[in-house]
Amino acid sequence: MSEPASISYGIASRYAQAVFDIARENGKLKELETNIKDLAEALASSDDLRDMILSPIYTRAEQETAILAVADKLALKPVTRNALGLMAQKRRLFALPQFCQRLNELLAEEKGEVTADVTSATPLSQEQQDKITAMLAETVGKQVALNTAVDEQLIGGLVIKVGSKMIDTSIRSKLNALQNVMKEVG
C-alpha cells in the first residue's frame, strides 16, 4: 500500500470503527450495511461526487452541505449521515472510499464472512461461482463472499485472493514461469 493510501486508510478506519461500534450498540448493523452499499454505489457512479470529495477548492462548509445533501438523497441513517458531516468539517472526505471499504470489512468480519477476489479470463457462470464459493468456504472455514472480475490477459485459469493468500492458476503466470526457466537455461 502506498503511503498516501495507507494514511487515508488509517484515517478512514478510525471513523469506520466509531460508526460500526455505534451501529452495533444500537442494533443497526443491517441498516448500516445498506447505507454503506448505497454510498459506495453513489461514489462509483458519480464523477461529480468524487470530484467534490477530492477537490481542495471547496470550503469545509460547501463540502459539508454537499455531502449532507447526498446523505439525505440516499436516506442515510443518522449515524452515517453525522459521520459524513464530521468528516467534511474535518476535511476528511478524501478518505470516503476507504471508509466504505473498511466498514464493509468490519461488517463481513461481524458476520463471520471473508471476501475472496476472483479474477478470471472470461466471466464466471453462477454454477462456477457457487463451486468456487463452496471450495473456499471449506478451505477457510468461514462463509465466503466473492468479488469477481474479468482480465482477458490471464488467457485462462483463475487468480484467487483471500486475505493475504493468493492462488494463481492463470495461464499467463504459467507462461511467465516457463519464460523464466527458459532464460535460466539459455
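A brief structural summary. Please read all numbers here as calculations on a predicted model, not as lab measurements.

Digging into the overall build of the chain
Now for step 1: Scanning the chain from terminus to terminus reveals eight helices and four strands.
Now for step 2: Secondary structure elements of the chain occur, N-terminal to C-terminal, as α-α-α-α-α-α-β-α-β-β-β-α.
Now for step 3: Here the chain has a C-alpha radius of gyration of 20 Å; the compact-globule value for 186 residues is 16 Å, and the former is much larger.
Now for step 4: The dimensions of the chain, computed from C-alpha atoms along their principal axes, are 65 × 40 × 25 Å.
Now for step 5: In the chain, buried positions account for 33% of the 186 residues.
Now for step 6: By sequence separation, contacts in the chain at least 24 residues apart represent 66% of the contacts at least 6 residues apart.
Now for step 7: Taken as a whole, the chain presents about 11,500 Å² of accessible surface, with 53% of it coming from carbon and sulfur.

Quick notes on the packing of helix α4 (residues 60-73) against helix α5 (residues 78-89)
Now for step 1: It is the contact of α4 with α5, at a shortest axis distance of 8 Å, that shows an interaxial angle of 165°. When the interaxial angle is binned, α4 and α5 end up roughly antiparallel. Both α4 and α5 take part in a crossing whose hand is right-handed. Between α4 and α5, the contacting residues are R60, Q63, E64, I67, L68, A71 and D72 on the first element and R81, L84, G85, A88 and Q89 on the second.
Now for step 2: Per-class residue counts for the contact of α4 with α5 are five nonpolar, three polar and four charged.

Quick look at the sheet that holds strand β3 (residues 158-162)
Now for step 1: Strand order in the open sheet formed by four strands is β2-β1-β3-β4, and the pairing between neighbours is mixed. Looking along the sheet, the strands with just one partner apiece sit at the ends: β2 (143-150) and β4 (165-168). Neighbour-to-neighbour, the strand axes of the sheet open up by a mean angle of 20°, direction not taken into account.
Now for step 2: As defined by bridge partners, strand β1 (residues 113-120) adjoins β3 across five bridges and the pair is classed as antiparallel. Bridged to A116 within β3 is V162.
Now for step 3: Together, β1, β2 and β3 form the strand contacts of helix α7 (residues 126-140), whose direction differs from that of β2 by roughly 135°.

Quick look at the pattern of salt bridges
Now for step 1: Counting across every chain of the model gives ten salt bridges.
Now for step 2: Ionic pairing is found between R81 and D72, a salt bridge with its closest N-O pair at 2.7 Å.
Now for step 3: Of the residues examined, D72 reaches a relative accessible area of 46% and is grouped as partly exposed.
Now for step 4: For the salt bridge of E127 with K131, the shortest nitrogen-to-oxygen distance reads 3.5 Å. Remark: K131 and E127 occur in helix α7; sequence separation between them is four residues, near one turn of the helix.
Now for step 5: The network of salt bridges with common partners includes D21, R24 and E110.

A word on a nonpolar patch on the surface
Now for step 1: Together, I155, I171, L175, L178 and M182 give the surface a local cluster of nonpolar side chains, amounting to about 490 Å² of exposed area.
Now for step 2: Considering the arrangement of structural elements, one finds L175 in helix α8 (residues 171-185).

What to know about the environment of K142
Now for step 1: Among the secondary structure elements, K142 is positioned in the loop between α7 and β2.
Now for step 2: K142 gets classed as partly exposed once you look at its relative accessible area, which sits at 47%.
Now for step 3: Considering only alpha carbons, one finds K142 and V159, 17 residues apart in sequence, at a separation of 20 Å.

What counts and how
- Residue indices follow the written sequence of each chain, beginning from 1 at its first position.
- Side-chain atom pairs in this predicted model are given and counted only at pLDDT of 80 or more, local residue features only at pLDDT of at least 70, and totals for whole chains, interfaces and linings cover all residues.
- Side-chain numbers here rest on the full set of heavy atoms in the structure, without hydrogens or water.
- Here a helix means four or more residues in a row that DSSP labels H or I, a strand means two or more in a row labelled E, and each is numbered from the N terminus.
- Computation of the radius of gyration draws on C-alpha atoms alone. For the globule rule, the value is 2.2 Å times the number of residues to the power 0.38.
- Think of it in three bands: with a 1.4 Å probe and only protein chains considered, a residue is buried below 20% of the maximum accessible area for its type, exposed above 50%, and partly exposed in between.
- In this description, contact between two residues means that some pair of their heavy atoms is separated by no more than 4.5 Å.
- A 1.4 Å probe and the Shrake-Rupley method give the accessible areas. Residues count as covered only by the protein chains that appear here.
- Helix axes are fitted only over the stretch in contact, all axes being lines through C-alpha atoms; the angle between N-to-C directions runs from 0 to 180 degrees.
- Any angle between 65 and 115 degrees counts as roughly perpendicular, while under 35 counts as roughly parallel, over 145 as roughly antiparallel, and the rest as oblique.
- Crossing chirality is assigned from the near helix's rotation relative to the far helix, an anticlockwise turn below a right angle marking it left-handed and a clockwise turn marking it right-handed.
- All amino acids are sorted into three groups, where Ala, Val, Leu, Ile, Met, Phe, Trp, Tyr, Cys and Pro are nonpolar, Asp, Glu, Lys and Arg are charged, and the leftover types, Gly among them, are polar.
- Strand pairing is assigned whenever DSSP identifies at least 2 bridges connecting the two strands.
- Any carboxyl oxygen of Asp or Glu that lies within 4 Å of a side-chain nitrogen of Lys or Arg is treated as forming a salt bridge with it.
- Like charges within 9 Å and nonpolar side chains (Val, Leu, Ile, Met, Phe, Trp, Tyr) within 5 Å are joined into patches, using only residues over 30% in relative accessible area that form no salt bridge.

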